[in-house]
Amino acid sequence: MNWQDKDKAYIWHPFTPLLGVSEPLCVTSASGVHLQTEDGRKIIDANSSWWVNLHGHAHPYIAEKVAEQVNTLEHVIFAGFTHKPAINLAENLLSILPENQSKIFYSDNGSTAVEVAIKMAFQFWYNLGQDKKRVIAIDGAYHGDTFGSMSVGERSDFTKPFTNHLFDVEFIDFPTSANESSVFERFKTLVDSNEIASFIFEPIIQGASGMRIYNAELLDRMIQYAQDHNVICIADEVMTGFGRTGKLFASDYLEHKPDIICLSKGLTGGTMALGVTSCTNAIVDAFMSKDLYKTFLHGHSFTANPIACASANASFELLTKQECQDNIQRITNQHERFKEKHKLTPKLKDIRSLGTILAIEFETENDSSYFSEMRNRLYPFFLERDILLRPLGNLIYVIPPYIISNDELAKVYDAIEEFFSTL
Ligand SMILES: *Cc1c(COP(=O)(O)O)cnc(C)c1O
């Protein structure tokens, strides 16, 4: 069998129908912003491979640090044992996270970082002997694909087969300029019930539901109100963390800081799987006990994998260099310029940007969901031009590695403009 047949026979790909889709591209290597395919193509990864890559593929510094680590200590159980890569990473992260964050809990992806956050918040109240069972989330939220993280996310076509098995969550409307005061009023009513354990949100921009941006000032007021009334605020920064929104964390746009923060995706620069849930001293205090019943009894086999931590430490060093911060600013400026240029382009429902994220929503005649037929035009159009822009329904977004050059960015913008001209 050739690799195509073997792939088809043996592998089940994520988010992919088993029939009726074109065969996947086989990537043999990658460097910088480019993916090299088996048949000799060089594809610009304008989506940072599901938003994880920060400094380009196969970054030599990250590769060197990972190689060093794999030859020194590849893995060790993280209960009863510890290691320097995890200690250094915790110290590094706490030096850039909002000041109220004081402890780091490791897991291995974004969904588990969210699971840990939700469980921490529930057990916080349990340990204090208080009966708080409900969670507030925002319409359109995406927090991952495991049951807890699905529960606090939007009920959608993605979750339909599982709806009966998800726990109930209070959803508030997605805030827009038209409904801000009613959203805040409903939020206050829910908080006032005294039954709310936590409020979970993607700060100021929802990713998977279509790079939807909302008012930071309103979120700030919600966090303040929640914290004044003993509701734990969980910021899911899995997508927004590490410079994506123009600041190191989306929470940096807020005056009132979340109690718990979830991180993954860009955490290791996109090299290794790793999740982090950070929290404040106030959260930790409820677990400060010798009592096993008050212990946070959660962990994964690969918790704090040393190679993943080494990769994250290397990525941290690159991220905090001035050069990287300049790149983030440069991409932000380019996106804004492109947005200004196309504010009035016909057939665009909306064009918006935040930091290194640029999103373009197209008008469609039928539905604008993920299953929109627009998707079937968009994805191949860009791929044929050697650009990876994986659409969300009728929406495309550019979320590139920070090392993308202006010329490479221009290639992406040019292809998008070419698509505009076909509308
Ligand atoms: C991707 C994502 C997750 C889930 O992360 P995985 O590593 O894919 O499990 C959770 N929250 C947000 C905001 C995300 O964008």
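The model shown is predicted, which means the values in this text are computed figures rather than measured ones.

**Structural notes on the site of the ligand**
Here is step 1 of the chain: Every residue close to the ligand is listed here: W51, N109, G110, S111, Y142, H143, G144, E202, D236, V238, M239 and K265.
Here is step 2 of the chain: Here G110 contributes a backbone N or O atom positioned 2.8 Å from an oxygen atom of the ligand.
Here is step 3 of the chain: D236 has a polar side-chain atom sitting 2.6 Å from a nitrogen atom of the ligand.
Here is step 4 of the chain: Calculation on the ligand without its partners gives an accessible area of 380 Å², and the protein chains cover 82% of this total.
Here is step 5 of the chain: Split into classes, the residues belonging to the shell around the ligand amount to four nonpolar, five polar and three charged.

**Some details on the UniProt feature "modified residue: N6-(pyridoxal phosphate)lysine" (unreviewed entry) in the protein**
Here is step 1 of the chain: Listed under "modified residue: N6-(pyridoxal phosphate)lysine" (unreviewed entry) in the UniProt record, and renumbered for this structure, are K265.
Here is step 2 of the chain: Excluding anything up to four places from it in sequence, K265 contacts W50, W51, V52, V238, M239 and G270.

**Side note on empty space enclosed by the protein**
Here is step 1 of the chain: What the rule picks out here adds up to one cavity of 30 Å³ or more.
Here is step 2 of the chain: The calculated volume of the largest cavity comes to roughly 30 Å³.
Here is step 3 of the chain: Lining of the largest cavity is provided by L93, F242, L267, A312, S315, F316 and L319.
Here is step 4 of the chain: At four residues, the largest contribution of residues to the lining of the largest cavity is made by helix 10 (residues 306–319).
Here is step 5 of the chain: Residue composition of the lining of the largest cavity, grouped by class: six nonpolar, one polar and no charged.

**Focus: the packing of aromatic side chains**
Here is step 1 of the chain: Per the counting criterion, the structure on display carries 21 aromatic pairs.
Here is step 2 of the chain: Arranged with centres 6.2 Å apart and planes meeting at 75°, the rings of F184 and Y225 form a pair that is edge-to-face. Placement of F184 in helix 7 (residues 180–192) and of Y225 in helix 8 (residues 216–228) is noted, with a sequence separation of 41 residues between them. Each member of the pair, F184 as well as Y225, carries the same accessibility label: buried.

**A few points about the sheet that holds strand 15 (residues 387–388)**
Hydrogen bonds between backbone groups are what pair the strands of a sheet, and the pairing can be parallel or antiparallel.
Here is step 1 of the chain: The strand order 1-2-3-15 describes an open sheet built from four strands, whose pairing is mixed. Strands with a single pairing partner mark the edges of an open sheet, and in this sheet they are strand 1 (27–31) and strand 15.
Here is step 2 of the chain: As judged from the three bridges shared by strand 2 (residues 34–37) and strand 3 (residues 42–45), these two strands associate in the antiparallel manner. The partner of Q36 across the bridge, within strand 3, is K42.

**Details of the sheet that holds strand 6 (residues 170–172)**
Here is step 1 of the chain: Here seven strands make up an open sheet; going across it, the order is 4-12-11-10-7-5-6 and the pairing mixed. Looking at which strands have only one partner, the edges of the open sheet turn out to be strand 4 (101–107) and strand 6. Here the average twist between neighbouring strands, direction ignored, is 20°.
Here is step 2 of the chain: Relative to strand 12 (residues 275–280), strand 4 is paired through six bridges, and the arrangement is antiparallel. The residue bridging I104 from the neighbouring strand is S278, located in strand 12.
Here is step 3 of the chain: Lying on the sheet, helix 4 (residues 84–96) is in contact with strand 4 and strand 12; it crosses strand 4 at an angle near 135°.

Thresholds, definitions, all that
- Residues numbered from 1 in each chain as written.
- Predicted model: local features only at pLDDT ≥ 70, side-chain atom pairs only at ≥ 80, totals over all residues.
- Heavy atoms only, no water.
- Near = heavy atom within 4 Å.
- Polar contact = N/O pair within 3.5 Å; in protein donor to acceptor, adjacent residues only side chain to side chain.
- Areas by Shrake-Rupley, 256 points an atom, 1.4 Å probe, with all protein chains shown as cover.
- Nonpolar A, V, L, I, M, F, W, Y, C, P; charged D, E, K, R; others polar.
- UniProt positions renumbered as here; feature names shortened; annotations may be inferred.
- Contact = heavy atoms within 4.5 Å.
- 1 Å grid on protein atoms, 1.4 Å probe; cavity = no way out; pocket = protein on both sides within 12 Å on 5 of 7 lines; lining within 4 Å.
- Points joined across faces, edges and corners; volume = space filled by probe spheres on them.
- Helix = DSSP H or I, 4+ residues; strand = E, 2+ residues; numbered from the N terminus.
- Phe/Tyr/Trp six-rings, centres within 6.5 Å; stacked < 30°, edge-to-face > 60°.
- Buried < 20%, exposed > 50% of the residue type's maximum accessible area, 1.4 Å probe, protein only.
- Pairing = 2+ DSSP bridges.
- Axes fitted to C-alpha atoms, helices over the stretch in contact; angles between N-to-C directions.

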